[in-house]
There are 2 protein chains.
Amino acid sequence: MGGEKPRLRTPTLKDIARELGISAMAVSKALNGKGGVGAETLQRVKETAERLNYQPNAVAKSLRLSSTKTIGVVVSDSSLSFFAKVVKGIEETASRNGYSIILCNTDQDCSKEKLAIQVLVNKRIDGLILAASMLTRKEDVAYLRSFGIPFVFLIRRSEAEEVDYVINDNIGGACQMVDYLVGSGSRKVHFINLNEEIPSRKDRLSGYRKALEENGISYEPSLVRSVKPTIEDGHSAMVELLDGKEEIQAVFCGCDVIGIGVMEAILERGLRIPQDIRVAAYDDIDFAAYLRVPLTTVRQPKFTIGCKGTELLIEKIRVGGQEAKHLVLQPELVIRMST
Amino acid sequence: MGGEKPRLRTPTLKDIARELGISAMAVSKALNGKGGVGAETLQRVKETAERLNYQPNAVAKSLRLSSTKTIGVVVSDSSLSFFAKVVKGIEETASRNGYSIILCNTDQDCSKEKLAIQVLVNKRIDGLILAASMLTRKEDVAYLRSFGIPFVFLIRRSEAEEVDYVINDNIGGACQMVDYLVGSGSRKVHFINLNEEIPSRKDRLSGYRKALEENGISYEPSLVRSVKPTIEDGHSAMVELLDGKEEIQAVFCGCDVIGIGVMEAILERGLRIPQDIRVAAYDDIDFAAYLRVPLTTVRQPKFTIGCKGTELLIEKIRVGGQEAKHLVLQPELVIRMST
DNA sequence: ATGAAAGCGCTAACAT
DNA sequence: ATGTTAGCGCTTTCAT
């Protein structure tokens, strides 16, 4: 596969066997504790393996057993605080169960994602985790299934019903937050939501509307807009809002990153948070408590989503084709100074 | 290797060959564009591969060619903003060069790190990246070498001279910052440094001392302390300082996370930053610009460290045994409101 | 308790 | 241009 530097050959089972004048098979059994090998042989094998610094070749093992004990993890951007936590949960759970993870970034690029999956499939991963995948449509699921490898969606769910996923309750989370905002005095809540690329936006909007409805407030589409989840876009959206003539009481942001931009824009105008405008967001990323104004937000169980998703996948790898499981974890309201 | 669910067999070269009544070898050549195969055959092979959804088995390829096109990445905690950026740089560079990465976390636990490396070696990674490794002593390097796999240190360098690494200039960065603090009016600079677990602390201390010296200020050990790089520890260290009778003009923190805790402690007392106390730190993590007080800090080129380290490793994998390279990247002073 | 044979899927080397 | 042989390192199966 292109290894240009021929390295010193690593000892194999055969080497140990030859050294001891026994068969490779006996060594294999001894080293794997399968039994069927005498106590004395076992002892000698172990000693020799140690002495030669024998390292079992997992590649050969994988080929033989068609299982690599490796999970593919495809994520949009592992360097974002949010996903970094999810990945940590995945890695920890995988490792605890004897699996390694191969990490790939897609940068929200569908063809990059397909390419990554291709590579992973070629490397014969035992299962695949898709965190905030772009392949959520029904036809994408057919594509994913074509590889015959179990997979689980995280954060974003697939449109196809029969697919496993672990997400947080976006409707519930948004609803709780808006309900809190309204209940604590802001009858008028602007919503700077995530943009079209991010499917969760729909559920968060539903939650927003649900909360309004429950509070007998009519939904006003003009209060809602959507932007990319960046500080800059949050900032400029808020600037626009501030430049308009509409009164602004409270702003609910589709994610914390947008919230940061929004707060900056407000503070730049010399307005106060929360006295003049209240700000709330979604995710509870690291440092949300230490921002310009500590941010009220909906905490997604990021690490737990990674853990649960991995457990689910490993179960699928081991047991195989049961029906699809859907885990919807409950987020938690975190009230800080910004409201 | 324990795959319990027998999956449908995936087509192999032989299947394609049988389908076309030719040899597996011909198919291999055709699919790999090695030439030595007729135009018509080539066409038919490609069609059939497509039709059968053939996925080359990289495991078999790896066994045959003893190269996995996979790099092991061992990092203390990939979920920390800082390391997440480094890992992104690694992943991006690796992927661009046709490598995948297996990611392992060590949580600063030496035995966990050794275990991770063991697994990676068994999986026959082509090279190893150690980001903030615990295995920096000379005897550790012997251990690492015993596997016969090229490796590169990132962030932290090894004590052994003949080992490749990519770091930032901790001495220079700290020196610049302290020089700036002194030059802009704070003759007395407290230093809340990183604790013993983190070797970079030494260089940052050297930089601190160097700057003082250059400014004709005598080094006062009582102004220096060290804490774990957490918000809590930064906070309590600062509380102690504030409770003391010593005058405090400026605090230089060993990293941004400590800086966050320090700022919290100062603000809790009703003191102002920077009017009453100036705060500076090291790293420039995400959101450092959006904290309670935008943080003046030394920007480490995190992403670039990942990229350069990976390029270096890949070069070693390809070319092999040249002499060790040491890359010391220049950090950048980022002046914000906290000073 | 131990071993021999076979084969996982692939390709380098050597025929034809 | 194409095919044959052999083997990467391992384990399952079936002998002994």
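Residues numbered from 1 in each chain as written. Chains lettered and ligands numbered in written order. Predicted model: local features only at pLDDT ≥ 70, side-chain atom pairs only at ≥ 80, totals over all residues. Heavy atoms only, no water.

K.L.:
So what's going on with the confidence of the model for chain A? Residues and values would help.
P.N.:
Averaged over every residue, the pLDDT of chain A is 95; the share at 70 or more is 98%. Between residues 1–7 of chain A, whose pLDDT stays under 50, and residues either more than four places distant or in other chains, the model counts 20 contacts. (pLDDT = per-residue confidence, 0-100. Contact = heavy atoms within 4.5 Å.)

K.L.:
Let's hear about the nonpolar core: which residues, and what values?
P.N.:
Core analysis: the biggest nonpolar cluster contains 109 residues, and A:I71, A:L154, A:M238, B:I71, B:L154 and B:M238 have the highest contact counts within it. Beyond its immediate stretch of four places on either side in the chain, A:L154 contacts A:V86, A:I90, A:I129, A:L130, A:A131, A:A132, A:V166, A:I305, A:G306 and A:G309. A:I117, A:V121, A:I125 and B:V121 belong to the second largest nonpolar core, which has 42 residues in total. (Core = buried A, V, L, I, M, F, W, Y, C linked by side-chain atoms within 4.5 Å. Buried < 20%, exposed > 50% of the residue type's maximum accessible area, 1.4 Å probe, protein only.)

K.L.:
Lay out the pattern of salt bridges in plain terms, naming residues and giving numbers.
P.N.:
Following the criterion strictly, the structure yields 46 salt bridges over all chains and no others. Residues A:R292 and A:E264 are paired through a salt bridge, measuring 3.5 Å at the closest nitrogen-oxygen approach. Pair noted here: A:R292 is in the loop between β9 (278–283) and β10 (296–299) and A:E264 is in helix α11 (residues 256–268), with a separation of 28 residues, a long-range link. Under the relative-accessibility criterion, A:R292 is labelled partly exposed at 24%. Classification of A:E264 by relative accessible area gives buried; the value is 12%. Two residues, A:R299 and A:D284, come together in a salt bridge whose shortest N-O distance is 2.7 Å. In this pair, A:R299 sits in strand β10 while A:D284 sits in the loop between β9 and β10, placing the two residues 15 residues apart along the sequence. Here the salt bridges share partners, and the residues they tie into one network are A:K88, A:E92, B:D77, B:D107 and B:K112. (Salt bridge = Lys/Arg side-chain N within 4 Å of Asp/Glu carboxyl O. Helix = DSSP H or I, 4+ residues; strand = E, 2+ residues; numbered from the N terminus.)

K.L.:
For the protein's contact with DNA strand D, give the residues involved together with the corresponding values.
P.N.:
Looking at DNA strand D, there are 24 residues lining it, with A:M25, A:S28, A:Y54, A:R64 and B:G38 nearest. The sugar-phosphate backbone supplies 63% of the atoms of DNA strand D found within 4 Å of the protein. B:T41 is positioned with one of its side-chain polar atoms (N or O) 3.1 Å from a phosphate oxygen of DNA strand D. For the surface near DNA strand D, the secondary-structure elements that each account for two or more residues are α2 (24–32) and α4 (58–65) of chain A together with α2 (24–31) and α4 (58–65) of chain B. Looking at which element gives the most residues to the surface near DNA strand D, the answer is α4(A), with four residues. (Near = heavy atom within 4 Å. Polar contact = N/O pair within 3.5 Å; in protein donor to acceptor, adjacent residues only side chain to side chain.)

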